[in-house]
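Topology and contacts: notes
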Amino acid sequence: MGTIRIEGDDDYDRKGAPYSISINGLASRTLSTNPGDRIEEDGLYGSIGGGFDKYRFTGQVVGATLPDHATLFVDGEQVDPTDLASPSASPTTQQQPQEATTPTDATPSGTGSTSAQELAQTTTIGGSAPDAIAWLVAFGAIVAAVYKSKQ
């Protein structure tokens, strides 16, 4: 799985401005994603002030609309949203089994209703084999939830 990170300027003094990231693939939340941000079939939607939102995903990032104070990172690399108009420039993360995982950002996201995607969210520490299995189980739960919602 890859990562999508929307990073806002810490000097931005407003509550937040809207963003949208279009993807062809699947995404899941991390602990650093705000409760009001959402994952829909065609992409990621939320707002960003200072700080960041982070998602895990497989597939391809095909478009992005960000406020002026925000920066987009795909798999740790800064991406200019205007470059996403060209299919050859779209960052892609292929679905592959993970041998080791890295720790997920551990910023509490608050409380509220729990979706299937939020239930599939895991925090990994250390990158041991059980962590890789937990990620595969979480991904399977997301796929099952998407499949069931389309029936």
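Residues numbered from 1 in each chain as written. Predicted model: local features only at pLDDT ≥ 70, side-chain atom pairs only at ≥ 80, totals over all residues. Heavy atoms only, no water.

Right, let's get into the nonpolar core. Formed by 19 residues in total, the largest nonpolar core has its most connected members in Ile4, Ile6, Ile21, Val61 and Leu72. Broken down by secondary-structure element, the contributors of at least two residues to this core are strand S1 (2-8), strand S2 (17-29), strand S4 (43-48), strand S5 (51-65) and strand S6 (70-74). In this view, isoleucine 21 contacts Ile4, Ile6, Asp42, Gly43, Leu44, Val61, Gly63, Ala64, Leu66 and Leu72; residues no more than four positions away in its chain are not counted. (Core = buried A, V, L, I, M, F, W, Y, C linked by side-chain atoms within 4.5 Å. Buried < 20%, exposed > 50% of the residue type's maximum accessible area, 1.4 Å probe, protein only. Helix = DSSP H or I, 4+ residues; strand = E, 2+ residues; numbered from the N terminus. Contact = heavy atoms within 4.5 Å.)

Note that S1 and S5 share 7 bridges and pair antiparallel. Bridge pairing links glutamate 7 to phenylalanine 52 in S5. For S2 and S5, the ladder comprises 10 bridges, and the chain directions are antiparallel. By the bridge assignment, isoleucine 21 is partnered in S5 with alanine 64. (Pairing = 2+ DSSP bridges.)

The predicted model of the protein has a mean per-residue pLDDT of 73, with 65% of residues at 70 or higher. Here residues 86-90 is modelled with pLDDT under 50, and outside its nearest four sequence neighbours on either side it reaches 7 contacts, counting other chains as well. (pLDDT = per-residue confidence, 0-100.)

Let us now look at the pairing of S1. Burial analysis of S1 places 5 of its 7 residues in the buried class, the great majority of the element. Inspection of the sheet shows S1 paired to S6 by 5 bridges, in the antiparallel sense. Within S6, the residue paired with glycine 8 across the bridge is alanine 70.

The next subject is the pattern of salt bridges. According to the stated counting rule, one finds 3 salt bridges in the structure shown. Between arginine 38 and glutamate 40 there is a salt bridge, with the nearest N and O atoms lying 2.6 Å from each other. Looking at glutamate 40, the relative accessible area reads 36%, which means it is partly exposed. For lysine 150, the salt bridge is made with glutamate 41, and the minimal N-O distance between the two is 3.5 Å. Here lysine 150 is found in the segment after helix H2 (129-149), whereas its partner glutamate 41 is found in the loop between strand S3 (38-40) and S4, with 109 residues between them in sequence. Taken individually, lysine 150 and glutamate 41 each receive the classification exposed, so the pair is uniform in this respect. (Salt bridge = Lys/Arg side-chain N within 4 Å of Asp/Glu carboxyl O.)

So, on to the packing of aromatic side chains. Aromatic rings in a pair are described by how distant their centres are and how their planes are angled relative to each other. What the rule picks out here adds up to 0 aromatic pairs. The ring of phenylalanine 52 is capped by arginine 5, whose NZ or CZ atom sits 3.6 Å from the centre of that ring. (Phe/Tyr/Trp six-rings, centres within 6.5 Å; stacked < 30°, edge-to-face > 60°. Lys NZ or Arg CZ within 6 Å of the ring centre and 35° of its normal.)

The next point concerns the environment of valine 61. With respect to the secondary-structure elements, valine 61 resides in strand S5. With a relative accessible area of 0%, valine 61 lands in the buried category. Linking valine 61 and leucine 84, residues 23 residues apart in sequence, is a C-alpha distance of 7.4 Å.

What follows covers unusual backbone geometry. The phi torsion at aspartate 75 lies on the positive side, around 50 degrees, for a residue other than glycine. Looking at the secondary structure, you find aspartate 75 in the loop between S6 and strand S7 (77-79). Of the residues examined, aspartate 75 reaches a relative accessible area of 39% and is grouped as partly exposed.

For the rest of this paragraph, the subject is the environment of leucine 72. With respect to the secondary-structure elements, leucine 72 resides in strand S6. For leucine 72, a relative accessible area of 1% translates into the label buried. For the pair leucine 72 and glycine 8, spaced 64 residues apart in sequence, the C-alpha separation works out to 9.1 Å. Filtering out sequence-adjacent residues up to four positions away, leucine 72 remains in contact with Ile4, Arg5, Ile6, Ile21, Ala64, Leu66, Glu77, Gln78, Val79 and Leu84.

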